[in-house]
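If you want the building blocks of each chain, they are given just below.
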Amino acid sequence: MVSSQPYDERLTVPGYWWAMAVLSGFGCALVALPFGTLPILGTLAGSVAVFGVVLSSYGSERIRVVQGSLVAGDAKIPLTALGEAVVLDKAEAQAWRTYKADTRAFMLLRSYVPTALKVEVVDPQDPTPYLYLSTRSPERLAAALGRAAVKAA
């Protein structure tokens, strides 16, 4: 089946973060150790649930190319306002999120995703110079942006 969306990615957290959430839950349960079995189990369940909600929320950001727009997190940018897309490897992505970063840029940054895509913003009314998008497959995203821009034009 062919997808109607040329690109759709969810920036989920790595699996070992979930293991850390469970271990943190056990750590919280140790605090309730002097109060008995039920408080220990309640603290364990409650803390793991809270950590799970936080991780799920943090990892729920999506990047999509749909209906002539790039949707990245809360931002929705028309493809006509975007220019060149540059694929950033691990080293370049690190540089662009640290010392090369422009404070006016839109950054959908996830530290656990080593690669990124830098997309120039060509709209003269928009003060944002570029978009920095953490993505696990920057080549696919750049290709999807190119295909969608050609289709929109």
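All figures in this text were calculated on a predicted structure; none of them were measured in a lab. (Residues numbered from 1 in each chain as written. Predicted model: local features only at pLDDT ≥ 70, side-chain atom pairs only at ≥ 80, totals over all residues. Heavy atoms only, no water.)

(A) Region of the structure containing the overall build of the chain. Looking only at helices and strands, one finds four helices and eight strands in the chain. A compact globule built from 153 residues should have a C-alpha radius of gyration of about 15 Å, whereas the chain, at 20 Å, is more than 25% larger. Dimensions of the chain, computed from the C-alpha atoms along their principal axes, are close to 65 × 45 × 25 Å. Taking the intrachain contacts of the chain between residues at least 6 apart in sequence as the baseline, contacts between residues at least 24 apart amount to 65%. Total accessible area on the chain stands at roughly 9000 Å², and carbon and sulfur atoms take up 62% of it. (Helix = DSSP H or I, 4+ residues; strand = E, 2+ residues; numbered from the N terminus. Rg over C-alpha atoms; globule rule 2.2 N^0.38 Å. Contact = heavy atoms within 4.5 Å. Areas by Shrake-Rupley, 256 points an atom, 1.4 Å probe, with all protein chains shown as cover.)

(B) Looking closely at the side chain of Ser-47. If you trace the backbone, Ser-47 turns up in helix H2 (residues 37-58). Those residues within four positions of Ser-47 in sequence are excluded, and the remaining contacts are Gly-25 and Cys-28.

(C) Fine view of the pattern of salt bridges. One pass over the structure, following the stated rule, counts four salt bridges. Notably, a salt bridge pairs Asp-8 with Arg-62, separated by 2.5 Å at the nearest N-O pair. With Asp-8 in strand S1 (residues 7-10) and Arg-62 in strand S2 (residues 62-66), the pair connects residues that are 54 residues apart, well separated along the chain. In this structure, the salt-bridge partner of Glu-61 is Arg-110, at a minimum N-O distance of 3.8 Å. Taken together, the residues Glu-61 in the loop between H2 and S2 and Arg-110 in the loop between strand S6 (106-108) and strand S7 (116-121) connect sequence positions 49 residues apart. (Salt bridge = Lys/Arg side-chain N within 4 Å of Asp/Glu carboxyl O.)

(D) Structural view of the sheet that holds strand S5 (residues 82-88). Judged by pairing direction, the sheet is mixed, and its four strands sit side by side in the order S5-S7-S8-S6 without closing on themselves. Strands with a single pairing partner mark the edges of an open sheet, and in this sheet they are S5 and S6. The average angle at which neighbouring strand axes cross in this sheet is 15°, direction not considered. In this structure, S7 lies alongside strand S8 (residues 130-134), joined through five bridges in antiparallel fashion. (Pairing = 2+ DSSP bridges. Axes fitted to C-alpha atoms, helices over the stretch in contact; angles between N-to-C directions.)

(E) Molecular detail of the environment of Leu-41. Inspection of the secondary structure assignment puts Leu-41 in helix H2. On a C-alpha basis, the gap between Leu-41 and Arg-140 in space is 45 Å, while along the polypeptide they are 99 residues apart.

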